[in-house]
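Chains, contacts and geometry: an overview
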Amino acid sequence: MTTVLICDDRRSVREGLTRVMSAVPGVSRIDCVAHGDELLARFSRQAVDVVLVGTQRAVPNGVEATRRLVSAHPQANVIVFGAPDDAASIAAAIAGGARGYLRWDASRPELVAALAHTLASTSVPAPRQPSDPGVQLTERELQVLRGMSQGKSNGQIGRELYLSEDTVKTHARRLFRKLGVRDRAQAVAHGFRRGLVA
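Criteria and thresholds
Residues numbered from 1 in each chain as written. Predicted model: local features only at pLDDT ≥ 70, side-chain atom pairs only at ≥ 80, totals over all residues. Heavy atoms only, no water. Buried < 20%, exposed > 50% of the residue type's maximum accessible area, 1.4 Å probe, protein only. Helix = DSSP H or I, 4+ residues; strand = E, 2+ residues; numbered from the N terminus. Contact = heavy atoms within 4.5 Å. Core = buried A, V, L, I, M, F, W, Y, C linked by side-chain atoms within 4.5 Å. Salt bridge = Lys/Arg side-chain N within 4 Å of Asp/Glu carboxyl O. Expected span 1.5 Å × (residues − 1). Arc of directions from axis to C-beta. Axes fitted to C-alpha atoms, helices over the stretch in contact; angles between N-to-C directions. Parallel < 35°, antiparallel > 145°, perpendicular 65-115°, else oblique. Left-handed = near helix turned anticlockwise from the far one by under 90°. Nonpolar A, V, L, I, M, F, W, Y, C, P; charged D, E, K, R; others polar. 1 Å grid on protein atoms, 1.4 Å probe; cavity = no way out; pocket = protein on both sides within 12 Å on 5 of 7 lines; lining within 4 Å. Points joined across faces, edges and corners; volume = space filled by probe spheres on them. Patch = residues over 30% accessible without salt bridge, like charges linked within 9 Å, V, L, I, M, F, W, Y side chains within 5 Å. Areas by Shrake-Rupley, 256 points an atom, 1.4 Å probe, with all protein chains shown as cover. Lys, Arg positive; Asp, Glu negative; His and termini not counted. Charge placed at Lys NZ, Arg CZ, Asp CG, Glu CD.

Going by what an unreviewed UniProt entry lists, the chain is known as LuxR family two component transcriptional regulator and is assigned to Saccharopolyspora spinosa.

Remarks on helix α2 (residues 36-45)
Turning to α2, its buried residues number three or more, namely G36, L39, L40, R42 and F43. Check the buried side of α2 and you find it contacts β1 (2-7), β2 (27-33), β3 (50-54) and α3 (61-72).

A few points about the nonpolar core
The biggest cluster of nonpolar side chains holds 24 residues, and the ones touching the most others in it are L39, V51, V53, L69, V78 and V80. Listing elements by their share of this core, those giving two or more residues are β1, α2, β3, α3, β4 (78-82), α4 (87-95) and α9 (184-194). With sequence-adjacent residues up to four places away left out, V53 is seen in contact with C7, L39, G62, T66, V78, I79, V80 and F81. Counting 18 residues, the second-largest nonpolar core is a separate cluster that includes A87, A91, A172 and F176.

Observations regarding the pattern of salt bridges
Under the criterion given, the structure shown has eight salt bridges. Here the salt bridges do not stand alone but share partners, grouping R29, D31 and R42 into one network.

A word on helix α1 (residues 11-22)
Compared with the 16 Å implied by 1.5 Å per residue over 12 residues, the 16 Å span of α1 between its first and last C-alpha is a close match. All of the buried residues in α1 are V13, R14, G16, L17, V20 and M21. Axial view of α1: buried residues confined to an arc of 165°, hence all on one face. Facing away from the buried side of α1 by more than 90 degrees, the exposed set consists of R11, S12, R19 and S22.

A few points about the packing of helix α8 (residues 165-179) against α9
When two helices pack together, their arrangement is given by the angle between their axes and by how far apart the axes lie. Where α8 contacts α9, the axes come no closer than 10 Å and their chain directions differ by 55°. In terms of orientation, α8 lies oblique with respect to α9. α8 and α9 meet at a crossing whose hand is left-handed. Along its contact with α8, which presents L175, F176 and L179, the element α9 presents R184, A187, H190 and R194. Classifying every residue of the contact of α8 with α9 by side-chain character gives four nonpolar, one polar and two charged.

Here we look at the environment of A172
Position of A172 among the secondary structure elements: in helix α8. Overall, the relative accessible area of 5% leaves A172 in the buried class. C-alpha separation for the pair A172 and A187, spaced 15 residues apart in sequence, amounts to 9.1 Å. Ignoring sequence-local partners within four residues, the contact set of A172 consists of V144 and M148.

Digging into the layout of surface pockets
Approximately 190 Å³ is the volume found for the second largest pocket. Forming the walls of the second largest pocket are 18 residues, and the residues nearest its centre are A34, G36, N61, G62 and A65. Broken down by element, the lining of the second largest pocket gets its largest block of residues, five residues, from α3. Of the residues assigned to the lining of the second largest pocket, the class counts are six nonpolar, seven polar and five charged.

Remarks on a positive patch on the surface
Residues K169, R173, R174 and R177 make up a contiguous surface patch of positive charge. With respect to the helices and strands, R174 occurs in helix α8. A relative accessible area of 40% places R174 in the partly exposed class.

Spelled out as structure tokens, the structure:
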């Protein structure tokens with residue numbers, strides 16, 4: 001049986017995640033805390049199998065809580081939740097030691113399936129790897145990826161690079177395909193891990 005600890009300063013999020021987690025077979029206990037200090041104290045008293053930490057754009061709480069917990073307890077299995085277009089927060093949390101992430105906009109069946117897989121393996125499945133491990137991004141694709149890592153929209157990236165938004169989307173689709181990822185957050189996380197963005 002699996003124990004889960006949810007950390008998010010929004011009560012509605014904690015309650016929503018608790019309802020979803022209650023539907024995952026094999027979960028025996030779900031506890032919630034609101035802040036990083038509570039998370040550290042609670043985990044130090046009694047470790048749990050999986051920690052779910054919420055992230056928010058331009059709010060460092062979730063990322064900082066992840067870093068502090070993993071620094072104090074490297075064995076902690078932390079999964080972050082975030083908006084699919086908030087690649088910067090998700091990438092920062094992964095760089096801080098999170099095992100992976102799940103998107104807020106995932107449907108309930110997708111969320112339950114992903115959590116069930118995570119709990120079974122105690123790690124989020126990694127994005128599928130490109131068929132050619134030596135795949136290289138073009139300079140334009142790298143520029144688009146760097147813009148994503150800074151939290152910029154396709155329109156903002158296009159204005160900076162003097163490209164149309166549709167052209168930016170085309171470059172984004174190509175770099176997603178090359179990296180073997182599905183969305184901006186995965187692309188930025190992959191870019192951080194490979195040293196493509198800093």
